[in-house]
Amino acid sequence: MSADTSAPTGLPLASPDAVRPEVRGFKPYSPGLSIDEIRDRYGLAHVIKLASNENPLGTSPVVRHTLRHKADLAFRYAQSGNPRLTAAIAAHHGVPAERVVAGNGSDEIIDLIVRVRAVPGVHNVVAFNPCFSIYELQTRLAGVEFRQAPLAADFSFDWDGLLALVDDATAVVFVTTPDNPSGFCPPVADLERLARALPPGCLLVVDEAYMDFCGDEAAHSLLSRIDEFPNLAVLRTFSKSFGLAGLRLGYGILPVQLADYLRRVRLPFSVNILAEEAGMAALADDVFRAETLRVTAEGRDALTAGLTALGCHVYPSKANFLMFRPAPSPPSAPSVGGAAHLFEELLRRGIIIRPLKSYGLPDLLRVSVGSPDENAAFLKAAGEIMSHA
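First, a word on scope: everything that follows refers to the structure included in this document.

**Concerning the pattern of salt bridges**
Then step 1. The tally for this structure, following the rule as stated, stands at 26 salt bridges.
Then step 2. With its nearest N and O atoms 3.0 Å apart, the salt bridge here joins Asp167 to Arg147. Taken together, the positions of Asp167 in the loop between helix 7 (159–164) and strand 5 (170–176) and Arg147 in strand 4 (residues 145–150) put the pair 20 residues apart, joining distant regions of the chain.
Then step 3. Taking the relative accessible area as the measure of exposure, Asp167 reaches 29% and is therefore partly exposed.
Then step 4. With its nearest N and O atoms 3.6 Å apart, the salt bridge here joins Glu345 to Arg348. A residue pair is termed a helical-turn pair when its members lie 3 or 4 positions apart in one helix, as Glu345 and Arg348 do in helix 12 (residues 338–348) at 3 residues.

Structure (structure tokens):
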């Protein structure tokens with residue numbers, strides 16, 4: 001007897017109505033253009049990618065050595081729960097290991113928090129607008145109401161506006177700091193006030209994917225004081241300063257009971273064995289991380305100065321990227337110039353940055369901090385394009 005594969009509604013599986021209503025309006029997450037895509041499109045031999053906030057130095061030599069020597073383990077499953085990795089993360093931050101949950105990128109931790117904490121039809125989730133799209137996508141997929149408070153005009157956080165959306169049914173509040181795409185990073189006192197102002201049943205999730213680049217974590221992060229806040233969870237990633245974006249590895253530092261529930265429902269082996277080995281090696285390589293932070297800070301300053309000199313408005317950033325508004329179009333050619341024009345012309349020259357139309361910011365662009373040579377090539381090309389316009 002064959003299995004019954006019909007949809008619960010009795011409709012053909014090919015019908016758009018054969019999926020949950022929450023899914024029908026979804027669009028695929030767009031991570032930006034790839035190097036191969038632009039190389040093939042324009043017949044280029046060399047392409048620079050400054051669109052995805054990846055590490056300007058690539059991957060640590062220690063990690064590369066580890067991956068080469070651990071490659072023969074690829075046929076093995078990782079140990080359940082990745083206890084060696086979570087112990088290394090806990091030691092790195094000085095927190096108990098039972099607070100740490102590793103995931104297939106911090107995206108997995110976000111998804112699990114929403115599904116474990118929020119009940120469809122009962123709870124809501126709150127964040128700023130714009131925000132990291134995964135907060136909204138996973139909340140809507142779970143069938144939970146998603147509320148957003150607009151940022152202030154200068155892209156700082158309107159805390160009163162955010163709190164106005166919070167009620168006793170708010171299960172989770174997401175805050176990203178430094179924020180993406182602006183790079184804004186509020187003082188730690190603001191986060192402390194927010195954590196204390198939330199209802200007792202509301203979890204504050206502070207996504208610190210870019211916190212490594214802020215220059216002074218004590219001034220901007222509550223992680224070192226996490227024991228003071230029973231409703232606080234902090235997310236971090238190996239994708240940025242540790243240079244492991246392609247291996248998909250992130251983690252949450254959570255209240256102990258919540259961490260236990262996430263471990264219970266996390267998909268088995270979601271963190272693969274090579275990502276685990278690479279994560280432990282990356283944590284041990286202080287030299288590479290320090291050099292990454294130095295190169296990024298210097299590059300951020302150079303890009304800020306260069307774009308400002310070109311007449312662009314550059315927003316202050318504590319992350320490894322800058323958001324900017326290109327110089328105004330000249331009165332003689334009002335149809336030439338602007339964010340879309342600069343983005344497309346850079347692509348033709350083999351330089352990929354990030355347009356922010358998907359964030360609802362069509363007049364702005366985001367550029368990742370690259371190596372000194374990549375930053376110089378971007379500034380040179382941007383100057384030529386805007387000068388020609």
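**Points about a nonpolar patch on the surface**
Then step 1. A grouping of Val19, Val23 and Leu141 is seen on the molecular surface, where their side chains present a nonpolar patch of about 190 Å² in accessible area.
Then step 2. Secondary-structure assignment places Val23 in helix 1 (residues 21–24).

**A word on the pairing of strand 6 (residues 203–207)**
Then step 1. Counting buried positions along strand 6 yields 5 of 5 residues, so the element is predominantly enclosed.
Then step 2. Because side chains alternate across strand 6, one face comprises the buried residues Leu203, Val205 and Asp207, and the other comprises Leu204 and Val206, equally buried.
Then step 3. Judged from the 5 bridges that link them, strand 5 and strand 6 form a sheet pairing that is parallel. Opposite Thr176, over in strand 6, you have Asp207 as the bridge partner.
Then step 4. Running through helix 8 (residues 188–197), the crossover from strand 5 to the neighbouring parallel element strand 6 is right-handed.
Then step 5. Here 4 bridges tie strand 6 to strand 7 (residues 232–237), and the two strands are oriented parallel to one another. Among the inter-strand pairings, Asp207 is bridged to a residue of strand 7, identified as Leu235.

**Comments concerning the packing of helix 11 (residues 286–309) against helix 13 (residues 372–388)**
Then step 1. Relative orientation of the contacting elements helix 11 and helix 13 amounts to 10°, with a least axis distance of 10 Å. It follows that helix 11 is roughly parallel to helix 13 by the angle criterion. Residues Val295, Gly299, Ala302, Leu303, Gly306 and Leu307 of helix 11 lie in contact with helix 13, whose contacting residues are Pro372, Asn375, Phe378 and Leu379.
Then step 2. Per-class residue counts for the contact of helix 11 with helix 13 are 7 nonpolar, 3 polar and no charged.

**Details of the packing of aromatic side chains**
Then step 1. This model, assessed by the stated rule, comprises 12 aromatic pairs.
Then step 2. Each ring, one from Tyr135 and one from Phe174, has its centre 4.3 Å from the other, and the planes form 5°; the classification is stacked. Here Phe174 lies in strand 5 and Tyr135 lies in helix 6 (residues 133–141), a separation of 39 residues in the sequence.
Then step 3. On the basis of relative accessibility, which here comes to 0%, the residue Tyr135 falls in the buried class.
Then step 4. Assessed through its relative accessible area of 1%, Phe174 is described here as buried.
Then step 5. Taken together, the ring pairs connect Phe128, Phe157, Trp159 and Phe184 into an aromatic cluster.
Then step 6. The lysine or arginine in question, Arg366, covers the ring of Phe321, its NZ or CZ lying 5.5 Å from the ring centre.

**Notes on the environment of Ala327**
Then step 1. As for its position among the elements, Ala327 is in the loop between strand 10 (321–325) and helix 12.
Then step 2. Residue classification places Ala327 among the buried residues on the basis of a relative accessible area of 17%.
Then step 3. Here the alpha-carbon distance between Ala327 and Ala51, two residues 276 residues apart in the chain, equals 20 Å.

**What about the nonpolar core?**
Then step 1. Core analysis: the largest hydrophobic core is formed by 51 residues, its most contacted members being Leu162, Val173, Val175, Leu204 and Phe238.
Then step 2. Tallying contributions element by element places helix 10 (residues 273–284) first for this core, with 6 residues.
Then step 3. Leave out the neighbours within four places in its chain, and Val175 touches Phe128, Phe157, Trp159, Leu162, Leu191, Leu194, Leu204, Val205, Val206 and Asp207.

**Brief notes about the sheet that holds strand 10**
Then step 1. If you trace the 4 strands from one edge of the open sheet to the other, you get 9-10-13-12, paired in antiparallel fashion. The sheet is open, and its two edges are formed by strand 9 (313–314) and strand 12 (354–355), each paired on a single side.
Then step 2. Relative to strand 13 (residues 365–368), strand 12 is paired through 2 bridges, and the arrangement is antiparallel. Looking at strand 13, one finds that Pro355 is bridged to Leu365.

**What about the sheet that holds strand 8 (residues 250–253)?**
As a general point, the strands of a sheet are linked pairwise by backbone hydrogen bonds and lie either parallel or antiparallel.
Then step 1. With mixed pairing, the 7 strands of this open sheet are ordered in space as 2-8-7-6-5-3-4. Strand pairing shows two members of the sheet lacking a second neighbour, strand 2 (100–103) and strand 4, which therefore form its edges. Taken over all neighbouring pairs, the strand axes of this sheet differ in orientation by 20° on average, direction set aside.
Then step 2. Along the sheet face, helix 4 (residues 83–93) touches strand 2, strand 7 and strand 8 and points at about 125° away from the line of strand 2.

**Some thoughts on the side chain of Asn180**
Then step 1. Summarising the element assignment, Asn180 is placed in the loop between strand 5 and helix 8.
Then step 2. Using a relative accessible area of 10% as the deciding quantity, one classes Asn180 as buried.
Then step 3. Here the side chain of Asn180 touches Arg366 through a polar contact of 2.8 Å, side chain to side chain.
Then step 4. Filtering out sequence-adjacent residues up to four positions away, Asn180 remains in contact with Asn53, Tyr210, Phe321, Tyr359 and Arg366.

Parameters at a glance
Residues numbered from 1 in each chain as written. Predicted model: local features only at pLDDT ≥ 70, side-chain atom pairs only at ≥ 80, totals over all residues. Heavy atoms only, no water. Salt bridge = Lys/Arg side-chain N within 4 Å of Asp/Glu carboxyl O. Helix = DSSP H or I, 4+ residues; strand = E, 2+ residues; numbered from the N terminus. Buried < 20%, exposed > 50% of the residue type's maximum accessible area, 1.4 Å probe, protein only. Patch = residues over 30% accessible without salt bridge, like charges linked within 9 Å, V, L, I, M, F, W, Y side chains within 5 Å. Areas by Shrake-Rupley, 256 points an atom, 1.4 Å probe, with all protein chains shown as cover. Pairing = 2+ DSSP bridges. Right-handed = clockwise from strand over helix to strand, strands pointing away. Axes fitted to C-alpha atoms, helices over the stretch in contact; angles between N-to-C directions. Parallel < 35°, antiparallel > 145°, perpendicular 65-115°, else oblique. Contact = heavy atoms within 4.5 Å. Nonpolar A, V, L, I, M, F, W, Y, C, P; charged D, E, K, R; others polar. Phe/Tyr/Trp six-rings, centres within 6.5 Å; stacked < 30°, edge-to-face > 60°. Lys NZ or Arg CZ within 6 Å of the ring centre and 35° of its normal. Core = buried A, V, L, I, M, F, W, Y, C linked by side-chain atoms within 4.5 Å. Polar contact = N/O pair within 3.5 Å; in protein donor to acceptor, adjacent residues only side chain to side chain.

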